[in-house]
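The residues making up each chain are set out below.
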Amino acid sequence: MPLAVLAACLLGLAAGAFARVLADGFGEDSGAPRREARAAVARAARIPPLPRRPYVVEGVTAAVFGLLTWRAAGLAGPLDAGAIVPVALTAALLYAAVAGVTLSLIDWRTRRLPDAITLPSVPVLAVLLAPTGRLGAALLSGLALAAAYAVLWFVRPAALGLGDVKLAALVGMVTGVFGMNAVILAAVGAHVLGALYAAGLLITRRATRASEFPFGPFMLGAALLAVVLPVG
């Protein structure tokens, strides 16, 4: 397993470089989202995925890749040992990591969660998770979490966007593989992390009670904690 984790970390460096370039292709507003997405992907494909200073995105992605690979390998034993396929689960988690890093960068900079990334990721994750034997749980969890966020969006649309609702489906799918406790931790943890960040801004007087900030990165950060921590 140590070699697999090391290989995943090295792959994460390249994946982080790709995610950074891909995220740079999305602006704050786009009148032609499909054209924007095609241009962003084409640009990212042309540029070699080499880490660049200050190496923050690449380093974070490498660490996430290593953690997820370690978690997937450990899951092969205690959870449905006869059904879980570590390679398929690892592939699903690493794909989710690349998509998550990209979405976090875009949302933090532009307050957008592009459909060009969130929507295709649902069938991609479904295909990757199918061999694990837990696709049903993943789909049900994704639907449930998306429905819960849809209710929150309906009640208070100023606090959440439709992009957050679509992202909730991905978060639910990934955490659903690890059990309902992981799904709940991801859902609750996102709001706790967001509240802590907001409190920090208020304490340092960098924002007011009326200030808004992107919620996607906190959803994804809580999802990572839910996957890595043995709560299932």
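Peer 1: Give a detailed account of the packing of aromatic side chains, specifying residues and quantitative values.
Peer 2: Taken as a whole and judged by the stated rule, the model has 5 aromatic pairs. Plain terms: the ring middles of Trp108 and Tyr197 are 5.5 Å apart, the flat faces sit at 65° to each other, and that makes the pair edge-to-face. A residue pair is termed long-range when its members are at least 10 positions apart, and Trp108 in helix H4 (residues 86–110) and Tyr197 in helix H8 (residues 180–203) qualify at 89 residues. Here the aromatic rings of Phe213 and Phe218 are separated by 5.6 Å at their centres, their planes lie at 75°, and the arrangement is edge-to-face. Taken together, Trp108, Tyr197, Phe213 and Phe218 form an aromatic cluster joined through their ring pairs.

Peer 1: Quick rundown of H4? Include the residues and the values.
Peer 2: Between its first and last C-alpha, H4 extends 35 Å over 25 residues, near the 36 Å set by a 1.5 Å rise per residue. Looking one or two residues beyond H4, the residue adopting positive phi is Arg111, at roughly 60°.

Peer 1: Describe the nonpolar core, and please don't skip the residues or the numbers.
Peer 2: Leu93, Tyr149 and Leu167 are the most contacted members of the largest nonpolar core, which totals 52 residues. No other element matches the 9 residues that H4 contributes to this core. The residues touching Tyr149, leaving out its near neighbours within four places in the chain, are Leu160, Asp164, Val165, Ala168, Ala187, Ala190, His191, Phe215 and Met219.

Peer 1: Talk me through a nonpolar patch on the surface; I want residue IDs and the actual numbers.
Peer 2: A contiguous nonpolar surface patch, about 470 Å² in accessible area, is contributed by Met180, Ile184, Val188, Val192 and Leu196. Within the secondary structure layout, Met180 lies in helix H8.

Peer 1: For unusual backbone geometry, give the residues involved together with the corresponding values.
Peer 2: Of note, the amide linkage connecting Arg53 to Pro54 takes the cis form, showing an omega dihedral of 5°. Structurally, Pro54 can be placed in the loop between helix H2 (33–46) and helix H3 (56–75). In this structure, Tyr55 takes a positive phi of about 65° despite not being glycine. Mapped onto the elements of the fold, Tyr55 is located in the loop between H2 and H3. Here Arg111, not a glycine, exhibits a phi torsion of approximately 60°, which is positive. Tracing the chain through its elements places Arg111 in the loop between H4 and helix H5 (115–129). The class of Arg111 is exposed, set by a relative accessible area of 51%.

Peer 1: So what about the pattern of salt bridges? Which residues, and what values?
Peer 2: Going through the model one piece at a time under the given rule, you end up with 3 salt bridges. Close ionic contact of Arg20 with Glu58 constitutes a salt bridge, the shortest N to O distance being 2.8 Å. Placement of the pair is Arg20 in helix H1 (residues 2–24) and Glu58 in helix H3, with a sequence separation of 38 residues. For Arg20, a relative accessible area of 18% translates into the label buried.

Peer 1: Provide a residue-level description of the environment of Tyr55, including the pertinent values.
Peer 2: Judged by relative accessible area, Tyr55 falls into the partly exposed class, the value being 41%. Tyr55 sits 52 residues away from Leu3 along the chain, and the two C-alpha atoms are 23 Å apart.

Peer 1: Before we move on, could you go through the packing of H4 against H5 and cite the residues and values that matter?
Peer 2: Viewed as axis vectors pointing N to C, H4 and H5 meet at an angle of 170°, and their least axial separation amounts to 9 Å. Considering the angle they form, H4 stands roughly antiparallel to H5. Taken together, the residues of H5 that come into contact with H4 (itself represented by Ala88, Leu89, Ala91, Ala92, Tyr95, Ala96, Ala99, Thr102, Leu103 and Ile106) are Ile117, Thr118, Ser121, Val124, Leu125, Leu128 and Leu129. Across the contact of H4 with H5, the residue classes tally to 14 nonpolar, 3 polar and no charged.

Peer 1: Summarise the layout of surface pockets; cite the residues concerned and give the values.
Peer 2: In this model, the largest pocket occupies a volume close to 930 Å³. Forming the walls of the largest pocket are 30 residues, and the residues nearest its centre are Ala158, Ala159, Leu160, Phe213 and Phe215. Ranked by the residues each element gives to the lining of the largest pocket, the list is headed by H8, at 6 residues. In terms of residue class, the lining of the largest pocket is made up of 15 nonpolar, 6 polar and 9 charged. As a volume, the second largest pocket reaches approximately 570 Å³. Around the second largest pocket sit 29 residues that line it, and Ala97, Gly100, Val101, Ser104 and Leu220 are the ones nearest its centre. Of all the elements in the fold, those that place two or more residues in the lining of the second largest pocket are H3, H4, H5, helix H7 (162–176) and helix H9 (216–228). Among the elements that line the lining of the second largest pocket, the one with the most residues is H4, at 11 residues. Looking at the lining of the second largest pocket residue by residue, the classes come out as 24 nonpolar, 5 polar and no charged.

Each value, and the rule that gives it
- Residues numbered from 1 in each chain as written.
- Predicted model: local features only at pLDDT ≥ 70, side-chain atom pairs only at ≥ 80, totals over all residues.
- Heavy atoms only, no water.
- Phe/Tyr/Trp six-rings, centres within 6.5 Å; stacked < 30°, edge-to-face > 60°.
- Helix = DSSP H or I, 4+ residues; strand = E, 2+ residues; numbered from the N terminus.
- Expected span 1.5 Å × (residues − 1).
- Core = buried A, V, L, I, M, F, W, Y, C linked by side-chain atoms within 4.5 Å.
- Buried < 20%, exposed > 50% of the residue type's maximum accessible area, 1.4 Å probe, protein only.
- Contact = heavy atoms within 4.5 Å.
- Patch = residues over 30% accessible without salt bridge, like charges linked within 9 Å, V, L, I, M, F, W, Y side chains within 5 Å.
- Areas by Shrake-Rupley, 256 points an atom, 1.4 Å probe, with all protein chains shown as cover.
- Salt bridge = Lys/Arg side-chain N within 4 Å of Asp/Glu carboxyl O.
- Axes fitted to C-alpha atoms, helices over the stretch in contact; angles between N-to-C directions.
- Parallel < 35°, antiparallel > 145°, perpendicular 65-115°, else oblique.
- Nonpolar A, V, L, I, M, F, W, Y, C, P; charged D, E, K, R; others polar.
- 1 Å grid on protein atoms, 1.4 Å probe; cavity = no way out; pocket = protein on both sides within 12 Å on 5 of 7 lines; lining within 4 Å.
- Points joined across faces, edges and corners; volume = space filled by probe spheres on them.

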